[in-house]
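Summary of the model geometry
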Amino acid sequence: MRLAVRHETRYQFDPPLVHGLQRLRLSPKESHGQSVRAWRMELSGGRVEVSYDDHNANHVTLASVLPGTSELVITCEGVVDTADRAGVVGRHVGRLPLWAFQCQTPRTRPGGRLKALAAPLAGQGEDRLAQLHALSQAVLAAVAYAPGHTDVGTTAEEALGAGRGVCQDHAHIFIGAARLLGVPARYVSGYLLIDGRTEQEAGHGWAEAHVDGLGWVGFDVSNGISPDARYVRVASGRDYAEAAPVTGITWGQSASTLSVSLAVEQQAVQQ
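Residues numbered from 1 in each chain as written. Predicted model: local features only at pLDDT ≥ 70, side-chain atom pairs only at ≥ 80, totals over all residues. Heavy atoms only, no water.

A closer look at unusual backbone geometry
- Following aspartate 14, the chain continues into proline 15 via a peptide bond in cis, with omega recorded as 0°.
- Positionally, proline 15 belongs in strand E1 (residues 2–17).
- Not every positive phi belongs to a glycine, and alanine 57 is a case in point at roughly 65°.
- Position of alanine 57 among the secondary structure elements: in the loop between strand E4 (46–53) and strand E5 (59–65).
- If you check the backbone angles, alanine 86 has positive phi at about 55° while not being a glycine.
- As for its position among the elements, alanine 86 is in the loop between strand E6 (69–82) and strand E7 (88–90). (Helix = DSSP H or I, 4+ residues; strand = E, 2+ residues; numbered from the N terminus.)

Structural notes on the layout of surface pockets
- A volume near 1,200 Å³ is recorded for the largest pocket.
- Around the largest pocket, the lining comprises 46 residues; the ones closest to its centre are Glu201, Ala202, Gly203, His204 and Tyr240.
- Among the elements of the structure, E1, strand E2 (19–27), helix H4 (167–180), strand E10 (185–192), strand E12 (204–211), helix H5 (240–243), strand E15 (246–251) and strand E16 (255–267) are those that each provide at least two residues to the lining of the largest pocket.
- Considering only enclosed or pocket space, the second largest pocket measures out at about 230 Å³ in volume.
- Surrounding the second largest pocket, 16 residues form its lining, Glu30, Ser31, Val89, Arg91 and Val93 being those nearest its centre.
- Along the lines of polarity and charge, the residues of the lining of the second largest pocket split into 4 nonpolar, 6 polar and 6 charged. (1 Å grid on protein atoms, 1.4 Å probe; cavity = no way out; pocket = protein on both sides within 12 Å on 5 of 7 lines; lining within 4 Å. Points joined across faces, edges and corners; volume = space filled by probe spheres on them. Nonpolar A, V, L, I, M, F, W, Y, C, P; charged D, E, K, R; others polar.)

Things to note about H4
- Taking 1.5 Å of rise per residue, 14 residues should cover 20 Å, and H4 covers 20 Å from first to last C-alpha, within 8% of that figure.
- Most of H4 is tucked away: 13 of the 14 residues are buried.
- Downstream of H4 by a residue or two, glycine 182 has a phi angle that is positive, lying close to 85°. (Expected span 1.5 Å × (residues − 1). Buried < 20%, exposed > 50% of the residue type's maximum accessible area, 1.4 Å probe, protein only.)

Digging into the packing of helix H2 (residues 128–142) against H4
- Following both chains from N to C, one finds H2 and H4 inclined at 135°, their axes separated by 10 Å at the closest point. The orientation of H2 with respect to H4, classified from their angle, is oblique. Between H2 and H4 the crossing geometry is right-handed. Between H2 and H4, the residues in contact are Leu132, Leu135, Ser136, Val139 and Leu140 and His170, Ile173, Phe174, Ala177 and Ala178, respectively. (Axes fitted to C-alpha atoms, helices over the stretch in contact; angles between N-to-C directions. Parallel < 35°, antiparallel > 145°, perpendicular 65-115°, else oblique. Left-handed = near helix turned anticlockwise from the far one by under 90°. Contact = heavy atoms within 4.5 Å.)

Some words on the environment of glutamate 208
- Here glutamate 208 shows up in strand E12.
- Separated by 23 residues in the primary sequence, glutamate 208 and alanine 185 have C-alpha atoms spaced 5.6 Å apart.
- Leave out the neighbours within four places in its chain, and glutamate 208 touches Val89, Pro184, Ala185, Arg186, Val188, Trp216, Val217, Gly218 and Arg233.
- Side chain to side chain, glutamate 208 and arginine 233 meet in a polar contact 2.8 Å long. (Polar contact = N/O pair within 3.5 Å; in protein donor to acceptor, adjacent residues only side chain to side chain.)

Structural notes on the pattern of salt bridges
- Per the counting criterion, the structure on display carries 16 salt bridges.
- For arginine 10, the salt bridge is made with glutamate 71, and the minimal N-O distance between the two is 3.1 Å. With arginine 10 in strand E1 and glutamate 71 in strand E6, the pair connects residues that are 61 residues apart, well separated along the chain.
- Classification of arginine 10 by relative accessible area gives partly exposed; the value is 23%.
- Note that aspartate 81 and arginine 37 form a salt bridge whose closest N and O atoms lie 3.6 Å from each other. Placement of the pair is aspartate 81 in strand E6 and arginine 37 in strand E3 (residues 34–44), with a sequence separation of 44 residues.
- By relative accessible area, aspartate 81 is classed as buried at 19%. (Salt bridge = Lys/Arg side-chain N within 4 Å of Asp/Glu carboxyl O.)

So, empty space enclosed by the protein
- Evaluated as defined, the whole model comprises 2 cavities of 30 Å³ or more.
- If you go around the largest cavity, you meet 17 residues; those closest to its centre are His32, Ala83, Pro227, Asp228 and Arg233.
- The residue inventory of the lining of the largest cavity, partitioned by class, reads 6 nonpolar, 7 polar and 4 charged.
- A volume near 30 Å³ is recorded for the second largest cavity.
- In this structure, the second largest cavity is lined by Gln22, Leu24, Leu43, Gly46, Ala63, Ser64, Val65, Leu72 and Ile74.
- Counting residues per element, the ones that place at least two in the lining of the second largest cavity are E2, E5 and E6.
- Ranked by residue count, the leading element in the lining of the second largest cavity is E5, at 3 residues.
- Here the lining of the second largest cavity is composed, by residue class, of 6 nonpolar, 3 polar and no charged.

Structure below.
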């Protein structure tokens, strides 16, 4: 499948910003089942300082916000070819060893609720893939998909307590529980082609777990499936903080507002 993506992130500052730095993870990765045919990034109100691959093998662009900027616009667009590999991404790459993905983070750290969710699955490790699919189903049963009840700082334990959340919450709960079961797990940010709809409010997030003999395998808890050809992987990390599309710091007493415009659509492939 050939997918075209256009993603615009717009920050408005009042009063104009003194100075700022943005870490952008907005460039898709080449991986099994995914080939980037074209991708470009443009900045208005900022400039690229350096680009590099981080410890998770993400493509990262470090951009500075120009002094006195009242509006920063980050525009990314490109074309990615994808294939359905039943969620299997394959072998581990990156500077972090696999054991690092078994360590809990502040967003995935388990409390009583997460431990109770994982406990019934602890004895099913003989068929690891079946165990993880059962975990995905258990997370969705415990936390209904409902926007507006959590935010980027919500932890897995908090989302479980609320019983409502979004894709980020589902992924963090799955990751925290998988780690309790002794499985390396990580967060993935990217894009999803939604049937019958081009314009979207935001990107998508899901989880991956490492299964012996297969490598990394994806689980989109919110949609109850493993990622297929409709998904574009962009960044991954131990939790959302390491895979977030945009993170940064600013100097000055400026308040900011954020708006996002995103379109994902399928393109015809010329034979």
